[in-house]
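Residue-level structure breakdown
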Amino acid sequence: MKINLNFLILTLVLITLTAVSLIIVPQIINPFNAIESDWFILKMYRFPKTLTALLVGSALSMSGFILQQLFRNQLAGPYILGVSSGASLMVAIVLVLGINTWPLLGHISLSLAGILGATLILLLISSLSLKYGYGSIILLFGVIISMITGAFQSLLVSLASAEEIKNLSLWSMGSFNQVIGTDLVLLVIAVVIGLAWAYFLMNPLSVMILGDEVANSMGVNTRKTSFQLLVCTGLITGVATAFCGPIAFVGIAVPNLVKILFKSVQFKTLLIANCLLGSIMTILGDIISSLDIWGFQIPINVTTSLIGGPFVLYILFNSFKK
Amino acid sequence: MSGFIKLIDLVVGYKEPIIAPLNASVNLGELLILSGRNGVGKSTLLKHLSGFIPPIDGIIEINNTNLSKLSIQKRADYIAIVNNKRIEESYITVEDLVKMGRYNHNGKIENDHFVEEAIFTMGIEPIRKKTLNKISDGEWQKTNIARALAQNTSVIILDEPSAFLDYPSKIQLFENFKNISKNQNKLIIASTHDLEIAQQFGSLFWHVNEGKIDQFRSPMPELKW
């Protein structure tokens, strides 16, 4: 009963924020009294931006949730584990080599690079965790991997032309504004596939909290499930990062908040709740970024960090209290 | 040689053999007590028997089928395990955890009846709504065993199930095992250091010492440690 109420409230909040993002921020467009240029802004700018925020918020929160369960670490997430940076590096390579402007391959090359980068890092982290366990050491591995991929990315920047540098640095600050047309369709497809795939893996994942040995004895193919979940996470994180840049704190903060709001053992419920709350966080972040009062667009990473960062600190303090 | 579980020249160990090749046969309805000092290979042997880690050499047969040839799902129909790993999630109740034992049979109607029976057998009815971070180690152990009972397998393998229990609970636990193995015709295999208690209830004893296993029927002779 309480769970249904939570769902209802989250859905209403999401709908409200979506409406705000579409018709109020940064300037009010009255849909009943809209002129042609208003419709143009709605269709070409605000709708893709809002949909992108919704999809990326869902994607990052889902992967954060999956990674936190898989690595049994509530501070895990696509950003801190270096998954976003892995995707970033591959995307940067594609941008600097100009592969994204090639005919045919161009459109899809960014997504493929992102997926490849994200999945490779995930498989690396997962093989490290088999050897060194699931504790804080895994987060340290992630941070160090981020630094190494970051170094390569800096190297690329120093090799790139002025135009490429501008593209790269704009992209790496994170933005929901650039995803339109075919790219948006690709993002929709990837996130929907990722969500459906993850949904069917939630039951075995929920049993895996008992540890691989027990889960195995209960009929869960733990290796197969983990591998599928890693690839699924790589898919959605990779595509989201490829189009919007690395977005901080969403993937780590949202699953923890969901855990507090939904005290449920049903991972399918938790997965959907992560999508809802993740969308809320990114759309809210985007609304704050786009507010007229700033006089300019604040990069989305700044707002998600300012919203999510303090909350993650709170989680960290709490985990030490225990 | 008859028996529900048969071990044929089984070589125990991860990489290096730690126990001499083992031949044995165990029937349903038995309570098999596994004893021996820490580090002699009890846990490893149990991991072979549950199919989690393949033995170095030799064959484990269960119901006349090679255990290593069984699918994970089929294995879960035969064998349930209980280890000592405690989880303390604040969003899972005792009842939720026992229900997880029905994972391999998801969506079947008789699920409730197995869950209720397991809760009753382990006497955890009073704490069924408590969350896992609010129960004692002993209550956790009972909950964990109930979860394995709910799986409704012929064989249950437990690695030191009495380790965190107080004295009366230890007695009650092994008495429970004896009753379950007899009344429900299950094979229960448990490793333990509580031999004085276990030997009152066990029907078969394997003692690991100096790289070999001595097999006894009760009552137990003096053991070499």
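Right above here is the structure, for reference.
These remarks concern the structure in this document. Treat the numbers as computed from the prediction; the structure is a model and nothing was measured. (Residues numbered from 1 in each chain as written. Chains lettered and ligands numbered in written order. Predicted model: local features only at pLDDT ≥ 70, side-chain atom pairs only at ≥ 80, totals over all residues. Heavy atoms only, no water.)

**Overview of the overall build of chain A**
The condition is simple: Helix and strand labels come from DSSP, where a helix needs a run of H or I of at least four residues and a strand needs a run of E of at least two; each type is numbered from the N terminus. Atoms counted for the radius of gyration: C-alpha only. Globule rule: 2.2 Å times residue count to the power 0.38. Only protein chains enter the accessibility calculation, which uses a 1.4 Å probe; a residue whose area is less than 20% of its type maximum is buried, one above 50% is exposed, and one in between is partly exposed. Residue contacts are defined here by distance: any two heavy atoms, one from each residue, within 4.5 Å place the two residues in contact. To measure how exposed things are, a 1.4 Å probe is used in the Shrake-Rupley method; for residues, cover is taken only from the protein chains shown. Positive: Lys, Arg. Negative: Asp, Glu. His and the chain ends are not part of the count. To locate a charge, take atom NZ for lysine, CZ for arginine, CG for aspartate or CD for glutamate.
Check the secondary structure of chain A and you find 13 helices and zero strands. The secondary structure elements of chain A, listed N-terminal to C-terminal, are α-α-α-α-α-α-α-α-α-α-α-α-α. In terms of overall dimensions, chain A is globule-like: its C-alpha atoms have a radius of gyration of 19 Å, near the 20 Å expected for 322 residues. In terms of overall dimensions, chain A has C-alpha extents of about 65 × 55 × 40 Å along its principal axes. Counting only residues that meet the buried cut, chain A has 53% of its 322 residues in that class. A fraction of 77% describes how many contacts in chain A between residues 6 or more apart in sequence connect residues 24 or more apart. Per element, the accessible surface of chain A, about 14500 Å² overall, is 74% carbon and sulfur. Counting 14 positive and 9 negative side-chain charges, chain A places the centres of these two groups 18 Å from one another.

**Remarks on the state of the cysteines**
Residue and element names in this part refer to chain A. The criterion, for reference: Cysteine sulfur atoms that pair up within 2.5 Å are treated as a disulfide.
By the definition in use, this model includes zero disulfides over all chains. Lacking any disulfide linkage, Cys-232 is separated from the closest cysteine sulfur, that of Cys-275, by 10 Å. In this structure Cys-244 is a free cysteine whose sulfur lies 15 Å from that of Cys-275, the closest cysteine sulfur available. Judged by its relative accessible area of 1%, Cys-244 is buried.

**A look at the interface of chain B and chain A**
Definition in use: Buried area: the accessible surface (1.4 Å probe) lost by two parts on joining, summed over both. Salt bridges, as used here, are contacts in which a Lys or Arg side-chain nitrogen is within 4 Å of a carboxyl oxygen on Asp or Glu. Distance and chemistry together define a polar contact, namely a pair of N or O atoms within 3.5 Å, with one atom able to donate a hydrogen and the other to accept it when in protein, and with adjacent residues in sequence counting only for side-chain atoms on both sides.
Each partner contributes to the interface: chain B provides 23 residues, whereas chain A provides 22 residues. Where chain B abuts chain A, roughly 2100 Å² becomes buried across the two surfaces, and 64% of that area is made up of carbon and sulfur atoms. Put simply, chain B and chain A have one salt bridge between them. A:Glu213 is the partner of B:Lys47 in a salt bridge, and the nearest nitrogen-oxygen pair spans 3.9 Å. In this assembly, chain B and chain A are joined by two residue pairs in polar contact (both at pLDDT 80 or more).

**Focus on the sheet that holds strand β2 (residues 19-26) of chain B**
All names here are of chain B. Condition: In this analysis, strands are considered paired if DSSP registers two or more bridges between them. Working convention: axes come from line fits to C-alpha atoms, limited for helices to the stretch in contact. Angles between N-to-C directions cover 0 to 180 degrees.
Strand order in the open sheet formed by four strands is β2-β1-β4-β5, and the pairing between neighbours is antiparallel. Two strands close off the open sheet at either side, each with one partner strand: β2 and β5 (65-66). For strand β1 (residues 5-12) and strand β4 (residues 57-62), the ladder comprises five bridges, and the chain directions are antiparallel. If you follow Ile-8 over to β4, its bridge partner there is Ile-59. Along the sheet, helix α1 (residues 42-49) contacts β1, β2 and β4; its crossing angle with β1, the most-contacted strand, is approximately 130°.

**Quick look at the pairing of β2(B)**
In the sheet, β1(B) pairs with β2(B) via five bridges, with the strands oriented antiparallel. Opposite B:Lys6, over in β2(B), you have B:Ser25 as the bridge partner.

**Here's the deal with the sheet that holds strand β3 (residues 31-36) of chain B**
All names here are of chain B. Within the open sheet, the six strands sit side by side as β6-β7-β8-β3-β9-β10. Their pairing is mixed. The sheet is open, and its two edges are formed by β6 (79-82) and β10 (212-217), each paired on a single side. On average, each strand axis in the sheet is inclined to that of its neighbour by 15°, with strand direction left out of account. Bridging between β6 and strand β7 (residues 155-159) involves four bridges; their strand directions are parallel. For Val-82, the partnering residue across the bridge sits in β7 and is Leu-158. The strands touched by helix α6 (residues 167-183) within the sheet are β3, β7 and β8 (187-191), with β3 carrying the most contacts at an inclination of about 140°.

**Observations regarding the packing of helix α1 (residues 2-23) of chain A against helix α2 (residues 36-70) of chain A**
All names here are of chain A. Definition in use: Working definition: roughly parallel below 35 degrees, roughly antiparallel above 145 degrees, roughly perpendicular at 65 to 115 degrees, and oblique for all remaining angles. Here a crossing is called left-handed whenever its near helix is offset anticlockwise from the far helix by less than a right angle, and right-handed whenever the offset is clockwise. Residues are grouped as follows: Ala, Val, Leu, Ile, Met, Phe, Trp, Tyr, Cys and Pro are nonpolar; Asp, Glu, Lys and Arg are charged; every other residue, Gly included, is polar.
With their axes 9 Å apart at the nearest point, α1 and α2 run at an angle of 150° to one another. The pairing of α1 with α2 is recorded here as roughly antiparallel in orientation. Handedness of the crossing formed by α1 with α2: right-handed. From α1, Thr-18, Ser-21, Leu-22 and Ile-23 reach across to α2, where they touch Leu-42, Arg-46, Phe-47, Lys-49 and Thr-50. Partitioned by chemical class, the residues of the contact of α1 with α2 number four nonpolar, three polar and two charged.

**Focus: the pattern of salt bridges**
If the charged atoms of two oppositely charged side chains come close together, the side chains can form a pair. Residues and elements named next belong to chain B. What the rule picks out here adds up to 13 salt bridges over all chains. Between Glu-95 and Lys-129 there is a salt bridge whose closest N-O contact spans 3.0 Å. With Glu-95 in helix α3 (residues 94-100) and Lys-129 in the loop between α4 (111-121) and α5 (137-150), this pair connects stretches of sequence that are 34 residues apart. Take Glu-95: its relative accessible area is 10%, and that puts it in the buried class. Taken together, the salt bridges that share partners define one network made up of Glu-95, Lys-99, Glu-116, Glu-125, Arg-128 and Lys-129.

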